[in-house]
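Observations on the model geometry
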Amino acid sequence: MNDFDPSLPIRAKRGDDQAFIQLVEHYYPRCLRFARNMLGSEQDAEEAVQDTFVRVHDSFPRFREDARFDPWLFQILANRCRTLMARNRRHRSVIEYGEIPLTASAEHEIGADWAEEVRVVLDTLPVEQREAFLLRHVEDLSYEDISAMTGAGLSALRMRVKRACDALRTRLTEVTESER
Amino acid sequence: MNDERDEMIERAARVLRTPPQVRSGTVARVLMAVRARHARPASRWQRALWWVADTSISARGAAVLAAASLAIGFVARGTVATSEPIVVASGPSIELQPVADGDAAERPVPVALVFEQANARDVAVVGDFNGWDRAASPMVRAGTEGPWTATVLAKPGRHTYAFIVDGTTLVADPNAAKATSNDFRGDASVMIVRPD
């Protein structure tokens with residue numbers, strides 16, 4: 001894969017259309033992954049990511065050229081995901097964790113069951129914990145960046161990530177032991 | 001705090017890091033959404049047509065509106081008869097909503113290009129729309145096996161292009177018409193870009 005050109009955000013901000021295209025192409029898969037993990041729906045994730053890039057384009061005048069692009073982009077994306085979740089809460093009934101049918105069967109690979117369980121646990125986490133866990137452990141952002149993005153303090157963020165990890169560990173340990 | 005990272009959390013994170021499948025033409029759709037947000041008709045008449053086209057209209061109404069729009073050199077947004085999907089080379093057409101303004105015939109249109117060669121390490125698009133500059137339009141792919149994709153901006157009309165694989169090999173698009181020019185020894189393709 002081609003290396004990322006760090007001058008792209010600044011060139012895109014200054015009106016270089018080709019730079020904006022390359023920026024979208026570079027970040028789209030990563031943004032889609034985060035949105036899909038946050039929202040649990042491919043369609044909602046695509047909508048959130050498209051809205052994000054429209055807003056990025058609109059907001060470029062406010063992007064400081066000495067700032068890092070990733071945290072700025074993910075701040076907008078996280079906000080779009082929250083907005084979509086709030087909208088969906090108004091339109092959809094909430095599925096409780098206990099109501100989700102466990103599809104584990106002999107036909108499935110063990111790894112597939114495990115992966116599905118990860119997603120199930122993720123969906124049951126409070127939004128703030130899910131967001132903090134994904135930004136820290138999946139998107140690999142620093143606590144300082146996440147704090148700047150979300151406005152939450154460092155200790156609060158560490159606590160959110162810890163609780164998310166505890167929930168994952170508890171459930172995944174059960175799954176691992178049942179597989180033995 | 002030890003950042004909570006251990007083998008189990010790392011294994012869970014690996015599941016969630018799996019790159020998603022990105023549908024062909026997605027980036028072009030994003031660009032059209034950006035463009036749609038910025039394009040606005042200028043005159044009072046255009047604004048009136050914009051508003052009418054934005055509402056639900058009958059097929060007959062659409063035909064009348066299309067005729068009226070063309071008469072003043074303006075293609076209305078919506079489901080009027082003049083709407084044409086934008087070509088996506090080597091992939092499915094994207095249903096896009098043309099945007100209202102007056103210079104559609106000259107304005108560059110986003111075109112999604114797709115190239116499949118699993119063992120390529122690096123692919124770029126070159127063509128008359130980017131001055132045959134191999135650094136202008138690098139292709140990307142999710143993961144290590146998916147198709148290579150890029151979106152280029154090209155003015156409406158006929159364009160010659162090719163893919164450069166691993167920095168050295170010029171390859172025609174296997175899913176497009178070949179260029180007849182001797183300049184490329186048949187290793188280039190042709191696409192026709194329609195106005196949006």
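All of these numbers come straight from a predicted model, not from anything done at the bench.

Turning our eyes to something else, we now look at the overall build of chain A. Each helix and strand counted, chain A has 8 helices and 0 strands in total. Accessible surface for chain A amounts to roughly 9000 Å². Of this, 48% is attributable to carbon and sulfur atoms.

What follows concerns the interface of chain B and chain A. If you look at the interface, chain B gives 45 residues, while chain A gives 42 residues. Taken together, the two surfaces of chain B and chain A that pack against each other cover about 4000 Å², and 62% of this comes from carbon and sulfur. Put simply, chain B and chain A have 2 salt bridges between them. The closest approach of N and O atoms between Asp 6 of chain B and Arg 169 of chain A, which form a salt bridge, is 2.7 Å. Taken together, the connections running from chain B to chain A amount to 8 residue pairs in polar contact (both at pLDDT 80 or more). Looking at the side of chain B that touches chain A, the elements with two or more residues in it are α1 (7-16), α2 (26-38) and β3 (148-154) of chain B. The biggest single contributor to the side of chain B that touches chain A is α2 of chain B, with 9 residues.

Another aspect to go through is the confidence of the model for chain B. All names here are of chain B. When pLDDT is averaged along chain B, the result is 69; 60% of the residues meet or exceed 70. Here residues 41-88 is modelled with pLDDT under 50, and outside its nearest four sequence neighbours on either side it reaches 68 contacts, counting other chains as well. Note on residues 90-100: pLDDT is under 50 here. Beyond four places in sequence and across chains, it has 36 contacts.

Residues and elements named next belong to chain B. The buried fraction of strand β1 (residues 109-115) amounts to 7 of the 7 residues, a majority that puts the element mostly inside the structure. Residues Val 109, Val 111, Leu 113 and Phe 115 of β1 are buried on one face, and the alternating residues Pro 110, Ala 112 and Val 114, pointing to the opposite face, are buried as well. Judged from the 7 bridges that link them, β1 and β3 form a sheet pairing that is antiparallel. Residue pairing for β3: Ala 112 is matched across the bridge by Thr 151.

Turning our eyes to something else, we now look at the packing of helix α2 (residues 17-39) of chain A against helix α6 (residues 127-138) of chain A. All names here are of chain A. Running from N to C, α2 and α6 cross one another at 150°; their axes reach a closest spacing of 10 Å. By the angle class used here, α2 and α6 are roughly antiparallel. The element α2 and its partner α6 pack so that their crossing is right-handed. Residues Arg 33, Phe 34, Asn 37 and Met 38 of α2 touch α6, and the partners they reach there are Val 127, Arg 130, Glu 131, Leu 134, Leu 135 and Val 138. Of the residues assigned to the contact of α2 with α6, the class counts are 6 nonpolar, 1 polar and 3 charged.

About the cut-offs
Residues numbered from 1 in each chain as written. Chains lettered and ligands numbered in written order. Predicted model: local features only at pLDDT ≥ 70, side-chain atom pairs only at ≥ 80, totals over all residues. Heavy atoms only, no water. Helix = DSSP H or I, 4+ residues; strand = E, 2+ residues; numbered from the N terminus. Areas by Shrake-Rupley, 256 points an atom, 1.4 Å probe, with all protein chains shown as cover. Contact = heavy atoms within 4.5 Å. Buried area = accessible area lost by both parts, 1.4 Å probe. Salt bridge = Lys/Arg side-chain N within 4 Å of Asp/Glu carboxyl O. Polar contact = N/O pair within 3.5 Å; in protein donor to acceptor, adjacent residues only side chain to side chain. pLDDT = per-residue confidence, 0-100. Buried < 20%, exposed > 50% of the residue type's maximum accessible area, 1.4 Å probe, protein only. Pairing = 2+ DSSP bridges. Axes fitted to C-alpha atoms, helices over the stretch in contact; angles between N-to-C directions. Parallel < 35°, antiparallel > 145°, perpendicular 65-115°, else oblique. Left-handed = near helix turned anticlockwise from the far one by under 90°. Nonpolar A, V, L, I, M, F, W, Y, C, P; charged D, E, K, R; others polar.

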